[in-house]
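Examination of the molecular architecture
One-letter residues, chain by chain:
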Amino acid sequence: MLIQHIDEFRKLFREFKDTFVDTPQGQEHIGFYERDRQQGTANFRAVEAAFQQQDINSHAQMTDELTELVLRTLLPHSDTSTHRDGGYWIHRAPAIQGDIKDWYGAK
């Protein structure tokens, strides 16, 4: 039974590779991965430095400014003018489509 699923997976993976990965759109998407990873790493380091600078060791010490920095730069946002102008982390696969506070309040 397991071998049947492996064969099916291989078939689907080949189809994915042939119809997306090897296309110009697929290659463009792969290029975004490295850019987004580098930006995410830089954002994390900036947040980490801000925490160290303000000597934050627990959630009780969090400031609104740091909370805003975390929400703006560590969560992937959609590519909108509001997000671009606000310094949000723009990502190819965004989790946040609108305003983060509205989005979180809806959960």
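Note that residues are indexed from 1 along each chain, following the sequence as it is written. For this predicted model, a pLDDT threshold of at least 70 governs which residues receive local features, and a threshold of 80 or more governs which side-chain atom pairs are given and counted, while totals over whole chains, interfaces and linings are taken from all residues. To obtain the side-chain values, all non-hydrogen atoms of the structure were included, while hydrogens and water were left out.

Here we come to the environment of Gln-38. The helix and strand labels rest on DSSP assignments: H or I over at least four residues marks a helix, E over at least two residues marks a strand, and numbering proceeds from the N terminus. By the element assignment, Gln-38 lies in helix H2 (residues 24-53). Distance and chemistry together define a polar contact, namely a pair of N or O atoms within 3.5 Å, with one atom able to donate a hydrogen and the other to accept it when in protein, and with adjacent residues in sequence counting only for side-chain atoms on both sides. Side-chain polar atoms of Gln-38 contact the side chain of Glu-34, separated by 2.8 Å.

This part covers the nonpolar core. Buried residues of nine kinds, namely Ala, Val, Leu, Ile, Met, Phe, Trp, Tyr and Cys, make up a nonpolar core once their side-chain atoms join them within 4.5 Å. Buried residues are those whose accessible area, probed at 1.4 Å on protein chains only, stays under 20% of the maximum for their type, while exposed residues exceed 50% and partly exposed ones sit between those limits. Formed by Val-47, Ala-50, Ile-56, Leu-66 and Leu-69, the largest nonpolar core amounts to five residues. Of all elements in the fold, only H2 and helix H3 (64-73) reach the threshold of two or more residues within this core. The contact definition used throughout considers only heavy atoms, calling two residues in contact when any of these lie within 4.5 Å. Setting aside residues up to four positions removed in sequence, Ile-56 forms contacts with Phe-51, Gln-61, Met-62 and Leu-66.

Turning our eyes to something else, we now look at the side chain of Asp-36. Tracing the sequence through the fold places Asp-36 in helix H2. Note on Asp-36: relative accessible area 5%, which makes it buried. Discounting chain neighbours no more than four positions away, the residues touching Asp-36 are Trp-89, Ile-90, His-91 and Arg-92.

A word on the packing of aromatic side chains. We call Phe, Tyr and Trp rings a pair once their centres come within 6.5 Å, taking the six-membered ring for Trp, and we label the pair stacked below 30 degrees between planes, edge-to-face above 60, and tilted otherwise. Considering all chains together, one arrives at three aromatic pairs under this definition. These aromatic residues form a ring-pair network of at least three members: Phe-9, Phe-13, Phe-16 and Phe-20.

Right, let's talk about unusual backbone geometry for a bit. For Asp-55, which is not glycine, the phi dihedral falls at a positive 55°. Assignment of secondary structure puts Asp-55 in the loop between H2 and H3.

With that out of the way, let us pick up H2. For a helix, the expected span equals 1.5 Å multiplied by the residue count minus one. The end-to-end C-alpha separation of H2 is 44 Å, in line with the 44 Å expected for 30 residues at 1.5 Å each. Residues Gly-26, Phe-32, Asp-36, Gly-40, Asn-43, Val-47 and Ala-50 constitute the buried set of H2. Immediately beyond the C-terminal end of H2, within one or two residues, lies Asp-55, with a positive phi of roughly 55°.

Further remarks concern H3. Listing the buried residues of H3 in full gives Leu-66, Leu-69 and Thr-73. When H3 is viewed along its axis, its buried side chains cluster within an angular range of 55° and face the same direction. On the buried face of H3, the contacting elements are H2. In this description, the arc belongs to the directions extending from the helix axis to the C-beta atoms.

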